[in-house]
Amino acid sequence: MLVTDPKINVEKNGFLNIELDPELDLFAEIERLKKEKNAIILAHYYQEPDIQDVADYIGDSLGLAQKAEQTDADMIVFAGVHFMAETAKILNPTKKVVIPDLKAGCSLSDSCPPPLFEQFKQKHPDHLVISYINCSAGIKALSDIICTSSNAQKIVESLPKEQKIIFAPDKNLGAYINKVTGRNMVLWNGACMVHEIFSVEKITKLKLRHPNAKVIAHPECEEPVLKLADFIGSTTQLLKYTEKDNSQEYIVATETGILHQMIKSNPHKTFIPAPPDNACACNDCPHMKRNTLEKIYLCMEYEMPEILMDEELRLAAKKPIDRMLELSAQFGLI
C-alpha cells in the first residue's frame, strides 16, 4: 500500500485519498478489520452490490436506525448518506461512527435548510412537526416525531384527526400520506432528485413491452408515477412484496441498488429498473454511489472520516427519533 498522510484533503475530498495495492483483497481485509475493531457495517439498499455483500446489515432508513440503536459494536461503519450516519451518531454518542465519504449527501435533505424551516414552522405555531428521516440533524431537532416511508402512514394515523401537522421535507411522500390517510398536512416543498425524474412515458412504454409486469414504486415518486403503480411501499416493503407476490416480472420505480437484493431473493424473477427522464436506462443516486469498497476499507483502517456532533444538537435531534422508534415498536414494525 502506498500511504501518504491520510488526513490530507479529507475535508476537501470528503474521503481518504490513498492509493491502494491493486492486489489487496478488500473483502478479506474488511472482514479482518471488523473482528479487530469490533466494527459493524450498516448499509442501505441503495449501495453498490459489493458493499451490500460485505455489510453486516442491509436495510432501509427505519431498519438502519433500529439496528444502530441496538448494536454493541465499538465502531459503526455507515455505508449510506450523511444524514443516516448522523442518525447513528445521535443514537450512539459513545461509539465511533465513520462514513466512507462525507460528501455522500442527499438532495432531499439539502432541500430543507434548518433556518428556513424554522421560519416556516413559526408561521404554523399550532402544528405538530413530523419529519421524514431523510433530513439533517438540524431539522430533526426542530421536529416532534421522525418517520420513515415504512412507518409514516401509521404514525400519522396514530394522531388525533384534529391535530394539525407540518410534514417535511418530502412533498411527494407527504402528498401520498395525505391521500391514503385523508389528512391535510402542510407540506414543505422538498423532493428527492432520484425519485422525481422517473419518466411516466417511458414506464408506460415498458408496460406495453412487458404486459405481465407489475409496477412497484416508492412513495417519494411523483403522483403520476404512483398512479401507474400496482404496489407502493418503502424500499423494504417493495422487497418483501416481490418475495410474496406471484408475478414473475416487475418494473421497479426506486433507486436501482435494491435490485441486487430483489434478484438474490427471487433469482427466477425479472426486475426491470424504471427509466428516468434522461438518456440513462436506470436511475442511480449519485450520493449513494459515492461510496465504494475501497473507501469502506480505508475508513475502517484509519477510522475516518468520523461523524462528530454538538451534544445539545444531538439531544434535541434524539427526542423525535426516540418517539419514532417507540411508535414503530408499538406498531410491530421491527
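Above this text you will find the structure in question.
Residues numbered from 1 in each chain as written. Predicted model: local features only at pLDDT ≥ 70, side-chain atom pairs only at ≥ 80, totals over all residues. Heavy atoms only, no water.

Considerations on the sheet that holds strand E1 (residues 39–44)
Line of reasoning, step 1. Taken in spatial order, the 4 strands make up an open sheet running E2-E1-E3-E4, and their pairing is parallel. Each end of this open sheet is capped by a strand with a single partner; those strands are strand E2 (57–59) and strand E4 (96–98). The average undirected angle you get between the axes of adjacent strands in this sheet is 20°.
Line of reasoning, step 2. Examined bridge by bridge, strand E3 (residues 75–79) and E4 share 3 bridges and lie parallel to one another. Of the residues in E4, the one forming a bridge with Val77 is Val98. (Pairing = 2+ DSSP bridges. Helix = DSSP H or I, 4+ residues; strand = E, 2+ residues; numbered from the N terminus. Axes fitted to C-alpha atoms, helices over the stretch in contact; angles between N-to-C directions.)

Some remarks on the nonpolar core
One broad trend across soluble globular proteins is that nonpolar side chains are buried collectively.
Line of reasoning, step 1. In this structure, Phe78, Ile130, Ile251, Val252, Met262 and Met324 are the most contacted members of the largest nonpolar core, which totals 77 residues.
Line of reasoning, step 2. Take this core: its biggest share by element is 6 residues, from helix H5 (residues 82–91).
Line of reasoning, step 3. Those residues in contact with Val252 that lie beyond four places of it in its chain are Ile216, Ile258, Leu259, Met262, Phe271, Ile272, Pro273 and Ala274.
Line of reasoning, step 4. Counting 24 residues, the second largest nonpolar core, distinct from the first, contains Val10, Leu26, Leu293 and Tyr297. (Core = buried A, V, L, I, M, F, W, Y, C linked by side-chain atoms within 4.5 Å. Buried < 20%, exposed > 50% of the residue type's maximum accessible area, 1.4 Å probe, protein only. Contact = heavy atoms within 4.5 Å.)

What to know about the packing of aromatic side chains
Line of reasoning, step 1. Applying the stated criterion across every chain, the model contains 6 aromatic pairs.
Line of reasoning, step 2. Judged by centre distance (5.7 Å) and plane angle (75°), the ring pair of Phe117 and Trp188 falls under edge-to-face. Here the residue Phe117 occupies a position in helix H7 (residues 114–122), and Trp188 occupies one in the loop between strand E8 (186–187) and helix H11 (193–196), the gap between them amounting to 71 residues. The pair formed by Phe117 and Trp188 is uniform in burial state, with each residue classed as buried.
Line of reasoning, step 3. Measuring from centroid to centroid gives 5.5 Å for Tyr250 and Phe271, while their planes differ by 15°, and the two rings are stacked. Taken together, the residues span a long stretch of sequence, with Tyr250 in strand E11 (residues 249–253) and Phe271 in strand E12 (residues 270–273) at a distance of 21 residues. Note on accessibility: Tyr250 and Phe271 belong to one class, buried.
Line of reasoning, step 4. Joined through ring pairs, the aromatic side chains of Phe231, Tyr241, Tyr250 and Phe271 make up one cluster.
Line of reasoning, step 5. Above the face of the Phe15 ring, Lys295 is positioned so that its terminal group lies 4.1 Å from the ring centre. (Phe/Tyr/Trp six-rings, centres within 6.5 Å; stacked < 30°, edge-to-face > 60°. Lys NZ or Arg CZ within 6 Å of the ring centre and 35° of its normal.)

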